[in-house]
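Chain residues, written in single-letter form:
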Amino acid sequence: MYAQVVFALPFRNEFTYSIPKELSESVSIGMRVVVSFGKRTLTGFVVGISETTDIKEKVKPIKDALDELPIFTKESIEFYKWISNYYLSSLGEALRNSVPYGTDVESKRKIVADKVFCKELLENEKKKTSVKAKLLEVLSEKEVTKISYLQKATGKKNIYTALRMLEKEGAISILNEIEDAKVRVKKQKHAAIAKPLDDIYKVIPEIESNSPKQVVLLLELLSHKNEDVLLSDLLKKTKAHQSSATSLEKKGLIKIFDKEIDRVYIETYKEKHQTFELTGDQKIIVDEVGEKIDQKKFESYLLYGVTGSGKTQVYIELTKKAIENKKTALILVPEISLTPQITSRFFNNFGERVTVLHSRMSLGERYDSWRGIVSGKYTVVIGPRSALFAPLNHIGVIVVDEEHDSSYKQWDMVPKYHARDAAIVRAKFSGCPVVLGSATPSIESMYNANSGKYKLLQLKNRIDDAKLPSIRLIDVTSLKKKNLMQNIFSKPLLDAIDQRVKKKEGVIILQNRRGFSTQVYCEDCGEIEMCPDCSVSMVHHIDKNIMRCHYCGITKSVPRACSNCGSIAMKFFGTGTQRVEDELEYYFPSIKLERVDSDSMSKKGKLGIILNQFGKGEIDVLIGTQMVSKGLDFANVTLVGVISAETTLWLPDFRADERTFQLLTQVAGRSGRSKNPGEVLIQTQNQNHFVLQKVLQFDYEGFYKNELMMRERGGYPPFTRLCLIEVKDQIEEVASGAIRDFHKYLTKKKSPLEILPPTPAVIAKLKGQYRFQILIKSGKRFDPSGRIMRERVLDSFIEFNQKSRFRDVKIYIDVDPQSVV
């Protein structure tokens with residue numbers, strides 16, 4: 001028997017391996033296997049099984065099988081094929097998403113250098129700028145290195161020829177080392193009674209005189225009847241030593257054995273279980289979508305419901321319907337910040353059937369959760385975009401909550417999929433309905449609903465007759481002239497906070513920037529403190545008194561003088577969440593406040609604890625970035641304040657207006673979700689801006705119509721498909737040359753595509769690499785599926801890798817980009 005195997009590598013071939021007799025029962029489609037690949041050992045995915053092969057050369061055997069059960073089926077592999085074809089990746093790269101990080105087995109090459117000999121070779125090397133010289137410079141200082149480190153240090157990807165030459169000269173040795181999986185099944189020692197109870201009671205008097213601790217251990221185990229007990233807990237509770245347990249085991253009275261332990265992620269946020277009676281509108285929606293669940297039929301729904309209209313309860317009722325039909329449910333949320341509340345509500349309804357998958361979990365917790373899904377232990381999965389690939393079978397319903405959110409787009413790994421769009425395709429292959437929910441649907445989704453591609457469902461009113469909050473725009477420019485601004489706070493906003501705190505009502509303050517000051521510059525020469533590796537300004541973080549780049553993470557101390565002219569007239573400009581927190585503590589020294597952003601929420605479980613305290617009224621004010629703008633549902637919140645409405649409005653991106661409208665409408669929706677009326681105060685420098693006026697009026701329809709007209713005029717989605725080609729390199733001329741070459745191959749043949757000329761990215765340098773981009777537009781009238789665009793890009797990519805002198809430079813392809821910054 002032979003297996004066709006693919007790898008998480010950037011090529012599209014399948015490779016054939018023979019299945020040894022001892023593994024014939026263990027290898028099937030959908031499993032991972034360990035194989036030799038060249039001189040390396042890799043983990044691959046079995047995508048086919050055959051009895052014969054046309055390959056005449058010697059076929060390598062499979063070394064091992066990693067999985068007991070298939071992680072994908074013949075049917076679900078079609079979904080992964082769609083991912084790879086649409087987003088232009090290999091099938092192996094798409095399948096990589098189906099397994100948790102840390103479970104692969106692979107070999108890593110290490111370089112062991114003779115430092116003294118390398119130094120001699122470096123001194124004799126004539127061309128000090130050559131790849132060989134750069135390698136020798138590193139190797140003469142470092143005895144053991146990895147290839148990835150050498151590639152980064154030299155700025156070159158293709159260093160293998162130079163390394164082989166150095167190996168022949170005897171300067172280095174290249175070693176292959178097998179690295180086992182980083183995460184495995186966890187086992188712990190357990191103890192249990194090994195003999196009938198009568199036999200145990202007979203020997204107790206005999207043991208008691210010599211070993212009283214052994215008797216205590218036996219009595220404790222007997223109290224658990226026939227159940228086993230974790231040995232460490234048993235010893236701790238009885239204050240006994242390991243030797244006592246070992247002696248009892250030797251006497252045959254107890255048995256000590258390894259038992260598999262589930263590492264379960266414990267959500268720190270808790271809510272009391274409440275029963276709700278569905279409104280008439282909710283019932284209509286549940287009945288309509290529920291019918292498709294019963295019929296096992298695919299249908300795409302857009303659930304457009306105002307904030308606080310009870311969308312989460314609809315998701316819960318649909319999940320109940322799926323479980324009644326012995327099906328599973330997949331619930332996607334855009335960010336980890338949304339998981340505490342929604343997870344708590346699902347746990348209250350479905351108990352131990354529910355599991356979560358997200359990056360705040362430990363490797364072990366994620367692995368055990370994933371294994372529980374494969375085995376069928378968990379039937380309801382909640383998580384961000386990566387949860388889309390949970391190995392669920394027999395899916396009854398898929399929900400994409402806050403479907404408009406840009407975090408559903410994968411941006412830092414290949415394939416660069418969009419979880420919302422991919423969820424629709426997965427639902428189609430699974431034969432089940434998919435529900436996209438939002439109070440501010442994306443322009444594309446609403447367009448699809450209006451054109452009949454999706455079915456539109458609406459929840460126009462809040463639950464319990466709660467009213468939408470009143471919104472006020474505060475013109476900070478005019479208030480400054482009237483001396484009614486206290487640094488970053490307007491007097492109306494400070495007064496409103498004071499009133500709510502005195503009434504013991506909750507307050508949320510939004511500032512979508514982290515740090516204290518977003519810029520530090522010199523008043524004398526105008527020099528701004530920039531990141532040395534990125535073309536962005538460093539942000540001042542007052543808690544540690546450091547400057548940090550929010551793109552590459554590099555930190556440095558706060559300058560005492562200008563690095564350009566030496567002046568000490570340094571000015572701190574701009575506002576981040578730390579400054580908001582600092583000023584509020586000054587104005588209201590007695591209130592309890594907490595900051596919620598990615599800087600402060602790094603500790604596991606902290607967000608859930610803070611939300612618990614806020615819900616109980618133990619925290620008066622919650623300050624945060626967009627993490628506080630969506631998904632939070634607290635009845636006690638009656639005031640939302642926005643420090644600056646313009647933080648996303650001025651970005652040079654075609655989605656800037658849409659994102660600003662969504663962010664402000666969503667955060668406004670946190671206020672007044674019960675009988676107490678809510679208020680929203682938005683500070684702005686441009687209160688007449690069209691977007692802000694539509695937010696003021698809660699006029700999504702008006703905003704949608706205007707934005708749709710602008711998109712059609714500019715040739716942007718939903719009328720056009722986009723593809724963003726990006727090149728990065730540490731040498732600006734190399735990146736520039738590579739992008740020009742790729743553009744030449746793109747434009748070689750005539751096509752109906754609009755291919756814009758290469759340009760530097762808006763953020764021209766990131767993490768020490770220069771960035772250049774090409775934007776491709778493909779009108780849906782002549783290319784409705786985007787096939788022509790993808791074929792043109794793929795053909796150019798192949799030609800570039802075969803012919804270009806810059807073929808060592810990596811090309812990044814992003815189909816349907818969410819941002820062009």
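Summed over the entire model, instances satisfying the criterion amount to 40 salt bridges. Measuring nitrogen to oxygen at the nearest pair gives 2.7 Å for the salt bridge that ties arginine 371 to glutamate 260. Taken together, the residues span a long stretch of sequence, with arginine 371 in helix 14 (residues 363-375) and glutamate 260 in strand 11 (residues 254-261) at a distance of 111 residues. Taking relative accessible area as the criterion, arginine 371 reaches 22% and is therefore assigned partly exposed. Judged by its relative accessible area of 39%, glutamate 260 falls in the partly exposed class. The partner of glutamate 799 in a salt bridge is lysine 803, with the nearest N and O atoms 3.1 Å apart. Of this pair, glutamate 799 and lysine 803 both sit in helix 25 (residues 787-803), 4 residues apart, which is roughly one turn of that helix. Here the salt bridges share partners, and the residues they tie into one network are Glu260, Arg263, Asp368 and Arg371.

Attention shifts here to the confidence of the model for the protein chain. Atom-level detail of predicted coordinates should not be read off regions where pLDDT is low. Residue-level pLDDT values for the protein chain average 90, and 99% of them are 70 or greater. The least confident element of the protein chain is strand 8 (residues 172-179), whose mean pLDDT is 74; the most confident is strand 17 (residues 433-438), at 98.

Counting residues in hydrophobic clusters, the biggest one holds 112 residues, and the most contacted among them are Phe72, Leu332, Leu388, Leu622, Ile725 and Ile776. With residues up to four places along the chain from it excluded, the contact list for isoleucine 725 reads Ile739, Phe742, Phe772, Gln773, Ile774, Ile776, Val793, Ile811, Tyr812 and Ile813. By size, the runner-up hydrophobic cluster in this structure holds 30 residues, among which are Tyr315, Ile316, Val435 and Leu457.

As a further point, take the packing of helix 7 (residues 197-210) against helix 8 (residues 212-223). Two elements in contact, helix 7 and helix 8, have axes whose closest approach is 8 Å; the angle formed by their N-to-C orientations is 155°. As far as their axial angle goes, helix 8 and helix 7 are roughly antiparallel. Crossing angle aside, the handedness with which helix 7 passes helix 8 is left-handed. Judged by residue contacts, Leu197, Ile200, Tyr201, Ile204, Ile207, Glu208 and Asn210 of helix 7 engage Pro212, Gln214, Val215, Leu218, Leu219 and Leu222 from helix 8. Residues that form the contact of helix 7 with helix 8 fall into these classes: 10 nonpolar, 2 polar and 1 charged.

The 5 strands lie next to each other as 2-1-4-3-5, forming an open sheet whose pairing is antiparallel. Edge positions in the sheet fall to strand 2 (15-18) and strand 5 (64-65), since each has one partner strand and no second. Of the pairings in the sheet, the one linking strand 3 (residues 32-37) to strand 4 (residues 40-50) comprises 6 bridges and is antiparallel in character. Of the residues in strand 4, the one forming a bridge with valine 35 is leucine 42.

What follows deals with helix 12 (residues 311-324). The α-helix winds at 3.6 residues per turn, so residues separated by three or four positions along the chain end up facing the same way. Taking 1.5 Å per residue as the helical rise, helix 12 with its 14 residues ought to reach 20 Å, and the 20 Å between its terminal C-alpha atoms agrees with that figure. Helix 12 sits mainly inside the fold: 10 of its 14 residues count as buried. Looking only at helix 12, the buried set comprises Lys311, Gln313, Val314, Tyr315, Ile316, Glu317, Leu318, Thr319, Ala322 and Ile323. Where helix 12 terminates, the next one or two residues include lysine 326, which has phi positive at roughly 55°.

Our focus in this paragraph is a nonpolar patch on the surface. There is a patch of nonpolar side chains on the surface, built from Leu197, Tyr201 and Leu219 and spanning about 300 Å² of accessible area. On the secondary structure map, tyrosine 201 appears in helix 7. A relative accessible area of 48% places tyrosine 201 in the partly exposed class.

Okay, the pairing of strand 32 (residues 720-729) next. Among the 10 residues of strand 32, 9 are classified as buried, and the element is accordingly described as predominantly covered. Both strand 32 and strand 35 (residues 769-779) contribute to a ladder of 10 bridges, which runs antiparallel. Along strand 35, the bridge assignment pairs isoleucine 725 with isoleucine 774. As judged from the 5 bridges shared by strand 32 and strand 36 (residues 811-815), these two strands associate in the antiparallel manner. Bridge pairing in strand 36 links cysteine 723 to valine 815.

Glancing now at unusual backbone geometry. Look at the link from valine 414 to proline 415: it is a cis peptide, with omega at 0°. Tracing the backbone through its elements, the reader meets proline 415 in the loop between strand 16 (395-401) and helix 15 (419-430). The residue after proline 717, namely proline 718, is reached through a cis peptide bond having omega 15°. Looking at where proline 718 falls in the secondary structure, it is placed in the loop between helix 23 (700-714) and strand 32. The backbone of lysine 767 shows a phi angle near 50°, a positive value even though the residue is not glycine. Position of lysine 767 relative to the elements: it lies in the loop between strand 34 (759-766) and strand 35.

Let's shift gears to the sheet that holds strand 14 (residues 354-356). The sheet built from 7 strands is open, its strands ordered 14-15-13-16-17-12-18 with parallel pairing. Two strands bound the open sheet, and with one partner strand each, they are strand 14 and strand 18 (455-459). Within this sheet the neighbouring strands show an average axis-to-axis angle of 20°, counted without direction. Sheet strands in contact with helix 12 are strand 12 (299-305), strand 13 (328-332), strand 15 (380-383), strand 16, strand 17 and strand 18, and its direction is about 165° off that of strand 16. Each of strand 12, strand 13, strand 16 and strand 17 is contacted by helix 15, which is oriented at about 165° to strand 16, the strand it contacts most.

This brings us to the side chain of serine 90. With respect to the secondary-structure elements, serine 90 resides in the loop between helix 1 (76-86) and helix 2 (91-95). A relative accessible area of 3% means that serine 90 is categorised as buried. If sequence neighbours within four positions are ignored, serine 90 has contacts with Phe7, Leu9, Pro10, Phe11, Arg12 and Ser84.

In contact at an axis separation of 9 Å, helix 24 (residues 732-746) and helix 25 are set at 125° when each is read in the N-to-C sense. As judged from the angle between their axes, helix 24 and helix 25 are oblique. With respect to the hand of their crossing, helix 24 and helix 25 are arranged in right-handed fashion. Along its contact with helix 24, which presents Ala738, Asp741, Phe742, Tyr745 and Leu746, the element helix 25 presents Arg792, Val793, Ser796, Phe797, Glu799, Phe800 and Lys803.

Quick notes on the rules
Residues numbered from 1 in each chain as written. Predicted model: local features only at pLDDT ≥ 70, side-chain atom pairs only at ≥ 80, totals over all residues. Heavy atoms only, no water. Salt bridge = Lys/Arg side-chain N within 4 Å of Asp/Glu carboxyl O. Helix = DSSP H or I, 4+ residues; strand = E, 2+ residues; numbered from the N terminus. Buried < 20%, exposed > 50% of the residue type's maximum accessible area, 1.4 Å probe, protein only. pLDDT = per-residue confidence, 0-100. Core = buried A, V, L, I, M, F, W, Y, C linked by side-chain atoms within 4.5 Å. Contact = heavy atoms within 4.5 Å. Axes fitted to C-alpha atoms, helices over the stretch in contact; angles between N-to-C directions. Parallel < 35°, antiparallel > 145°, perpendicular 65-115°, else oblique. Left-handed = near helix turned anticlockwise from the far one by under 90°. Nonpolar A, V, L, I, M, F, W, Y, C, P; charged D, E, K, R; others polar. Pairing = 2+ DSSP bridges. Expected span 1.5 Å × (residues − 1). Patch = residues over 30% accessible without salt bridge, like charges linked within 9 Å, V, L, I, M, F, W, Y side chains within 5 Å. Areas by Shrake-Rupley, 256 points an atom, 1.4 Å probe, with all protein chains shown as cover.

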